[in-house]
Amino acid sequence: VATSNTGYTFVNWTENGQLVSTEVTCEFTVTGDRNLEANFSANSYEVSVSANPTVGGTVNGGGTYQFGQTCTVTAESNTGYTFINWTEDGQQVSSNTTYEFTVTGDRNLVANFSANSYVVIVDVDPEVGGTITGAGGYEYGQTCSLSAVPNTGYHFVNWTENGQQVSNDLTYEFTVTSNCNFVAHFALNEHEINVEVDDGGEIIGDGPYYYGDTCVLVAIPDDCYEFVGWMENDEVVSTEPNYSFVVEGDRTIVASFALLHYDLEIAYDTIMGTCFGDGNYQCGDSCTITAIPQ
């Protein structure tokens, strides 16, 4: 009678290399000395290995092994991932990238990897220029979407990293593969203050200004003229020669001037004579006055 040990299977009985029986129990009538050999073979088992997630790394060492053989399985992380452990049926069997064991049965091993975690940091230049969204923690391979929202009076310029421009779009989308430190650049809006001048004077103070600047317009009348007021969209915005305001956008303003008028009165004794030529005159007019004695 042949009884297999664990991990082995009975094959047959042989004598002098010749097959005698394939039954575990060999029965015969003894007629002389005999030398029987019970032949056994080691059982074959399958060792399967897999990666979780599949993009996390590569695994080697799986295959067919005989009972009692030594199996060595290895795990190698892909870029952006870190090896965690080997598990079987959800239970950890090793935390080493190389796991060596004696094969005693079929096995299904899983090499577990985790995506590396990275931080996306964004600074705002200048701080009052605007706000951003999208910064924070990300895993390797995730998509990060950064968005810039300019504050009033500012416009977005670009995104830079280490002083190099990476995008000039309000929304910048990229795949995270490492820690990142970006700067969102904003700039003050530039506005044009245009001043149209009626005849009769000149102005100073027009030109380009940044949002929030104080613009001071000064009206200087020519001889014989007086300043009337500052007009915008046919509305009077100021009657002061010096007009000061905070720039919040483009503006077109008209500086109005008018000729000076003077009243000429002649005092005389009507008993003694008559005078002509009095009245209202514009500055610069030629005036002739006449006295006629009685």
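For the structure, check the block above.
To start, this report covers the structure provided alongside it. (Residues numbered from 1 in each chain as written. Predicted model: local features only at pLDDT ≥ 70, side-chain atom pairs only at ≥ 80, totals over all residues. Heavy atoms only, no water.)

1. With respect to the environment of Glu232
Here Glu232 is to be found in strand E24 (residues 225-232). The residues contacting Glu232, other than those within four sequence positions of it, are Val237, Arg251, Thr252 and Ile253. Side-chain polar atoms of Glu232 contact the side chain of Arg251, separated by 2.4 Å. (Helix = DSSP H or I, 4+ residues; strand = E, 2+ residues; numbered from the N terminus. Contact = heavy atoms within 4.5 Å. Polar contact = N/O pair within 3.5 Å; in protein donor to acceptor, adjacent residues only side chain to side chain.)

2. Some thoughts on unusual backbone geometry
The linkage connecting Asn52 with the following residue, Pro53, adopts the cis geometry, with an omega of -5 degrees. Note the cis peptide between Asp125 and Pro126, where omega equals -10 degrees. Here Pro126 shows up in the loop between strand E12 (117-125) and strand E13 (130-133). Of note, Cys224 is a non-glycine position whose phi angle comes to about 75 degrees, a positive value. Considering the arrangement of structural elements, one finds Cys224 in the loop between strand E23 (214-221) and E24.

3. Description of the pairing of strand E19 (residues 180-188)
Pairing analysis gives 6 bridges linking E12 to E19, with the strands arranged parallel. Bridge pairing in E19 places Asp123 opposite Val183. Pairing geometry for strand E16 (residues 154-161) and E19, over 7 bridges, is antiparallel. For Glu161, the partnering residue across the bridge sits in E19 and is Phe182. (Pairing = 2+ DSSP bridges.)

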